[in-house]
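Survey of secondary and tertiary structure
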Amino acid sequence: MVKNNLQQVEQNIESACKKAGRNRDEVTLIAVSKTKPVSLIEEAYVENIRDFGENKVQEINDKYPVMNKDIRWHLIGHLQRNKVKYIIDKVKLIHSVDSVRLAEQIQHEAEKNNVIMDILIQVNVANEDTKFGLSVEETEDVIRTIATFPNIRIKGLMTIAPFTDNPEDNRPFFKKLKQLAVDIKEKNIDNVTMDCLSMGMTGDYQVAIEEGSTMVRVGTGIFGERNYNKD
Ligand SMILES: *Cc1c(COP(=O)(O)O)cnc(C)c1O
């Protein structure tokens, strides 16, 4: 199942890239494996997927030790400050930094572990009450502050678009995130590159790619529906 799903997702990514006149290698597929067992992750691994996304610190900690070390783990969910220490040496990229306070904690733990942590800034472009993330208006100021932290590199922006049946509904939000990244890049802030745009999920990743996404986070489309009631 995972194999067939991945083939379908890959085709969709390729056609979206083609439509947008982009190269396939500009877009990284992150397989969102949250709630899914190691056996399914391994099915994706043998299909050459190396980027996996999890939204819980606990799950990364459970899966990390038993999976191959060439996997790049992405923390895509809300991160509590007291849990930063558990993932600082395990994840490739934290997508969900939405406050200076969280970044301070990441700086502290990164320094202790003698690593440089790559992060994205999460922006709530649709202004949904239920979502984490900075407003478009406050994003630049927060970035300017975090940019001074020596053990953090800001690589770009991330957003979670609203849940919708029609992916076209989210096109304006993807456009907005892209524009914000372009605007911030033009400011040439030290320690800040804006080359990563993490946007697009199962319902809307093709539209996100057309609007400039460089990282799509696909869960259901690869691993099937999630069952949260299982345990
Ligand atoms: C669960 C999740 C995804 C994947 O969602 P699907 O709709 O299953 O593709 C992507 N991004 C974040 C932040 C998530 O929490």
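Everything numeric in this text was worked out from a predicted model, so none of it was measured. Chains are numbered independently. Their residues run from 1 in the order of the written sequence. Owing to the predicted nature of the model, reporting of local features is limited to residues with pLDDT of at least 70; listing and counting of side-chain atom pairs is limited to 80 or more, with chain, interface and lining totals taken over all residues. Each side-chain value is worked out from all heavy atoms of the structure, with water and hydrogens disregarded.

1. Some remarks on the layout of surface pockets
A pocket here means an open set of points on a 1 Å grid, computed over the protein atoms alone, that has protein on both sides within 12 Å along at least five of seven lines. A cavity is instead a set of points where a 1.4 Å probe fits but cannot get out; residues with an atom within 4 Å of a point line either one. Grid points are joined across faces, edges and corners, and a volume is the space filled by probe spheres set on the points. Roughly 650 Å³ of internal volume is contained in the largest pocket. Surrounding the largest pocket, 28 residues form its lining, K34, I160, A161, M201 and R226 being those nearest its centre. Residue composition of the lining of the largest pocket, grouped by class: 10 nonpolar, 12 polar and six charged. Surrounding the second largest pocket, L6, E10, R24, D25, V27, T28, L29, E47, N48, I49, R50 and D51 form its lining. Each helix is a run of DSSP H or I of at least 4 residues and each strand a run of E of at least 2, with the numbering of both proceeding from the N terminus. Put simply, the parts of the chain that give the lining of the second largest pocket at least two residues each are α1 (2-20) and β1 (28-32). Residue polarity is assigned by list, with Asp, Glu, Lys and Arg as charged and Ala, Val, Leu, Ile, Met, Phe, Trp, Tyr, Cys and Pro as nonpolar; anything else, Gly included, falls into the polar class. Grouping the constituent residues of the lining of the second largest pocket by class yields four nonpolar, two polar and six charged.

2. Observations concerning the side chain of R171
Position of R171 among the secondary structure elements: in helix α7 (residues 171-186). Think of it in three bands: residues with accessible area under 20% of the maximum for their type are buried, residues over 50% are exposed, and the middle band is partly exposed, with areas taken using a 1.4 Å probe on protein chains only. Judged by relative accessible area, R171 falls into the buried class, the value being 17%. At a separation of 2.8 Å, a polar atom in the side chain of R171 contacts the side chain of E210. Under the rule applied, a polar contact is a pair of N or O atoms within 3.5 Å (in protein, one hydrogen donor and one hydrogen acceptor; residues adjacent in sequence only if both atoms are side-chain atoms). A polar side-chain atom of R171 sits 2.7 Å from a polar atom in the side chain of E211. Those residues in contact with R171 that sit more than four places away from it in its chain are V207, E210 and E211. What makes two residues a contact is simply this: any of their non-hydrogen atoms within 4.5 Å.

3. A word on the pairing of strand β6 (residues 152-158)
With five of seven residues buried, β6 is to be regarded as a mostly interior element. Between any two strands, at least two bridges found by DSSP are needed for them to pair. Pairing geometry for strand β5 (residues 117-122) and β6, over six bridges, is parallel. The partner of I121 across the bridge, within β6, is L157. For the handedness criterion, the strands are oriented away from the viewer, and a crossover whose path from the first strand over the helix to the second runs clockwise is classed as right-handed. Following the chain from β5 across helix α6 (residues 136-146) to the adjacent parallel β6, one finds a crossover that is right-handed. For the handedness criterion, the β-α-β arrangement of β6, α7 and strand β7 (residues 192-198) is classed as right-handed.

4. Some remarks on the site of the ligand
Throughout, the term near means that a residue has one or more heavy atoms lying within 4 Å of the molecule or strand in question. Close contacts around the ligand come from V32, K34, I76, I160, M201, T202, R217, V218, G219, T220 and R226, and that covers them all. Taking T202, its side chain carries an N or O atom lying 2.4 Å from an oxygen atom of the ligand. Here an oxygen atom of the ligand sits 2.8 Å away from a polar atom, N or O, in the side chain of R226. For the ligand, the accessible surface in isolation is 390 Å², of which the surrounding protein chains cover 89%. Each molecule is checked against the cavity or pocket grid, and it sits inside if more than half of its atoms lie within 2 Å of the grid points. More than half of the atoms belonging to the ligand lie within 2 Å of the grid points that define the largest pocket. Only the protein chains shown count as cover for residues, and all accessible areas are computed by the Shrake-Rupley method using a 1.4 Å probe.

5. Notes on the nonpolar core
It is characteristic of soluble globular proteins that their nonpolar side chains tend to be buried jointly. For this analysis, a nonpolar core means a set of buried residues of the types Ala, Val, Leu, Ile, Met, Phe, Trp, Tyr and Cys, connected via side-chain atoms within 4.5 Å. Core analysis: the largest hydrophobic core is formed by 65 residues, its most contacted members being I94, I106, I119, I121, I146, I154 and L157. With six residues, the top contributor of residues to this core is α1. Those residues in contact with I106 that sit more than four places away from it in its chain are V84, I88, I94, V97, M117, I119 and I152. Grouped together as the second largest cluster of nonpolar side chains are six residues, L120, M158, C196 and M215 included.

6. Examining the packing of aromatic side chains
Stacked, edge-to-face and tilted are the three classes for Phe, Tyr and Trp ring pairs, Trp counted by its six-membered ring, which pair at centre distances within 6.5 Å; planes under 30 degrees apart are stacked, over 60 edge-to-face, the rest tilted. Summed over the entire model, instances satisfying the criterion amount to one aromatic pair. Judged by centre distance (5.9 Å) and plane angle (40°), the rings of F52 and W73 are tilted. With F52 in strand β2 (residues 51-54) and W73 in strand β3 (residues 72-75), this residue pair connects regions lying 21 residues apart in the sequence. Comparing F52 with W73 shows no difference in burial state: the two are buried.

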